[in-house]
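Chain residues, written in single-letter form:
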Amino acid sequence: MDITLSVNGVPYPLTVDPHASLLHTVRGDVGLTGSKEGCDDSECGACMMLVDGRPVNSCSYLAVQADGSDVTTVEGLSDGETLAPLQEAFLTRGGVQCGFCTPGMLVSATALLDRSPNPSEDEIRTAVSGNLCRCTGYDGIVKAIAAVAAERAAQG
């Protein structure tokens, strides 16, 4: 099928198998490998991408479903070589260890902060509950998200 994916603001006209996942299409055809394939069953959240601002498990979301939508991957969160504040906070507040879950965590956290700029700790934990992390214990991740929310609130 012929589709056009707009990934991180760049349109990609593609011919894809109708059963191809968004994850495999973005990694293989578009060449952006930041989103990870962990479980390939919508269980771990490592593949999380935003489709029209909504977080989706891209391993089980078909590429054809994203035709004409705005897709944001972890690569689209930064401004070129400059990390986004959320990415910086993950690094400085212990939200990253092995890094495998980090792309999905960052995407889920971005979606949360876009819809709820001042989330409670419970809201943060709920927002990342679809993302499995075996290394951090989640505390550094929660603290990083809360810190970015606080910084944004302080800036008005």
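Quick caveat, the model's predicted, so the values are computed rather than measured.

### Concerning the overall build of the protein
A count of helices and strands for the protein gives 5 helices and 5 strands. Listing every helix and strand of the protein by position from the N terminus yields β-β-α-β-β-β-α-α-α-α. Its C-alpha atoms give the protein a radius of gyration of 15 Å, within 12% of the compact-globule value 15 Å for 156 residues. Each principal axis of the C-alpha distribution contributes one length, and for the protein these read about 45 × 35 × 25 Å. Only carbon and sulfur atoms are counted for the fraction: they give 48% of the accessible area of the protein, which is about 7800 Å². Averaging the positions of the 9 positive and the 20 negative side-chain charges in the protein gives two centres separated by 9 Å.

### Describing the sheet that holds strand 5 (residues 70-72)
The strand order across the open sheet built from 5 strands is 2-1-5-3-4, with neighbouring strands paired in mixed fashion. Two strands lie at the open edges of the sheet, namely strand 2 (10-15) and strand 4 (54-57), each paired on one side alone. Pairwise comparison of adjacent strand axes, ignoring direction, gives a mean angle of 35° for this sheet. Pairing of strand 1 (residues 2-7) with strand 2 involves 6 bridges; the strand directions are antiparallel. Paired with Ile3 across the strands is Leu14, a residue of strand 2.

### Some details on the side chain of Thr25
Here Thr25 is to be found in helix 1 (residues 22-30). The residues contacting Thr25, other than those within four sequence positions of it, are Leu5, Leu14, Val16, Ala20, Val30 and Ala63.

### Some points on the packing of helix 3 (residues 102-115) against helix 5 (residues 139-155)
For the pair helix 3 and helix 5, the least separation of the axes is 11 Å and the interaxial angle reads 35°. Like other packed secondary-structure pairs, helix 3 and helix 5 cross with a definite hand, here right-handed. Contact residues: Met105, Ala109, Leu112, Leu113 and Asp114 in helix 3; Ile141, Ile145, Val148, Ala149 and Arg152 in helix 5. Broken down by class, the residue content of the contact of helix 3 with helix 5 amounts to 8 nonpolar, no polar and 2 charged.

Definitions and cut-offs
Residues numbered from 1 in each chain as written. Predicted model: local features only at pLDDT ≥ 70, side-chain atom pairs only at ≥ 80, totals over all residues. Heavy atoms only, no water. Helix = DSSP H or I, 4+ residues; strand = E, 2+ residues; numbered from the N terminus. Rg over C-alpha atoms; globule rule 2.2 N^0.38 Å. Areas by Shrake-Rupley, 256 points an atom, 1.4 Å probe, with all protein chains shown as cover. Lys, Arg positive; Asp, Glu negative; His and termini not counted. Charge placed at Lys NZ, Arg CZ, Asp CG, Glu CD. Pairing = 2+ DSSP bridges. Axes fitted to C-alpha atoms, helices over the stretch in contact; angles between N-to-C directions. Contact = heavy atoms within 4.5 Å. Left-handed = near helix turned anticlockwise from the far one by under 90°. Nonpolar A, V, L, I, M, F, W, Y, C, P; charged D, E, K, R; others polar.

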